[in-house]
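Chains, contacts and geometry: an overview
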Amino acid sequence: MSLFGLGSRNQRTFRPKKNAPSGSKGAQLQAHIDATLGSGNLREAVRLPPGEDINEWLAVNTVDFFNQVNILYDTLSEFCTPSNCPTMSAGSKYEYRWADGVNIKKPIEVSAPKYVEYLMDWIESQLDEEKIFPQRLGAPFPPNFQDVVKTIFKRLFRVYAHIYHSHFQKIVSLKEEAHLNTCFKHFVLFTWEFRLIDKGELAPLHDLVESIL
């Protein structure tokens, strides 16, 4: 059973923190992430540790960034409502529609909170799928693993883009802007290090991304 199978999907409840893959080197790599982040050097923190498998590193960090975005968005859940945010947008030029290729094959226009709900449910299903994110020690990653990771990060970026364009003033009023900026800087440096998001996808936050890189 999924860790997130608690409570109703229709209620805007906070999702419990997802744990790193336990049957792999997950705990060891998570400890490395925590230690390097503690040093304050984000560029160093994102680099693949010497001798480690890149897929293991991507897997642990995917869980970590998923948790970060969940926590950030949860602070805005009472403000990011269907009436306030009827579309999943990032300014006037960018609007995102939802499709997962399985349950919803044709992209549909939904409100921002509904998009984020669909997105987090979808990512959760990927993380819980043993064939994609193996839990057992030594279990192989699938050939398309990095493609799945790229899709996850591309879609997580859209949440950041929406937050910055639609809710940054609220973040400032909550005195959370330093935390948001640090999380986003970490996210951008990691995705850039491993070329996880095409540069064109970063256009809604181009100037901010350029200032980080």
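Residues numbered from 1 in each chain as written. Predicted model: local features only at pLDDT ≥ 70, side-chain atom pairs only at ≥ 80, totals over all residues. Heavy atoms only, no water.

Looking up the protein in an unreviewed UniProt entry gives the name MOB kinase activator-like 1A, with the organism given as Linum trigynum.

**Some points on the overall build of the protein**
Within the protein, the regular secondary structure consists of 7 helices and 2 strands. Each helix and strand of the protein, placed in order from N terminus to C terminus, yields the pattern α-α-α-β-β-α-α-α-α. The 213 residues of the protein split such that 48% are buried. For the protein, the share of sequence-separated contacts (at least 6 apart) that also reach a separation of at least 24 residues comes to 70%. Approximately 10,900 Å² of the protein is accessible, and the part contributed by carbon and sulfur atoms is 51%. (Helix = DSSP H or I, 4+ residues; strand = E, 2+ residues; numbered from the N terminus. Buried < 20%, exposed > 50% of the residue type's maximum accessible area, 1.4 Å probe, protein only. Contact = heavy atoms within 4.5 Å. Areas by Shrake-Rupley, 256 points an atom, 1.4 Å probe, with all protein chains shown as cover.)

**As for helix H4 (residues 112-127)**
With 16 residues, H4 extends 22 Å between its outermost C-alpha atoms, agreeing within 8% with the 22 Å of an ideal straight helix rising 1.5 Å per residue. Among the 16 residues in H4, 12 count as buried, and that is most of the element. Regarding H4, the residues found buried are Ala112, Pro113, Tyr115, Val116, Glu117, Leu119, Met120, Trp122, Ile123, Glu124, Gln126 and Leu127. Where H4 is buried, its residues touch helix H3 (54-74), strand E1 (88-89), strand E2 (95-96) and helix H5 (145-173). (Expected span 1.5 Å × (residues − 1).)

**A short note on the packing of aromatic side chains**
Pairs of aromatic rings are described using the distance from one ring centre to the other and the angle between the two planes. Inspection of the entire model under this criterion finds 16 aromatic pairs. Their ring planes at 55° and their centres at 5.1 Å tell us that tyrosine 160 and phenylalanine 187 sit as a pair that is tilted. In this pair, tyrosine 160 is assigned in helix H5 and phenylalanine 187 in helix H6 (residues 177-193), connecting sequence segments 27 residues apart. Overall, tyrosine 160 belongs to the buried group, its relative accessible area being 1%. Taking the relative accessible area as the measure of exposure, phenylalanine 187 reaches 0% and is therefore buried. The structure contains a cluster of three or more aromatic residues connected by ring pairs, namely Phe65, Phe153, Phe157, Tyr160, Tyr164, Phe168, Phe184, Phe187, Phe190 and Phe194. Against the face of tryptophan 122 rests arginine 155, its NZ or CZ located 4.6 Å from the ring centre. For the cation-ring pair, arginine 195 lies above tryptophan 192, with the distance from its terminal atom to the ring centre recorded as 4.5 Å. (Phe/Tyr/Trp six-rings, centres within 6.5 Å; stacked < 30°, edge-to-face > 60°. Lys NZ or Arg CZ within 6 Å of the ring centre and 35° of its normal.)

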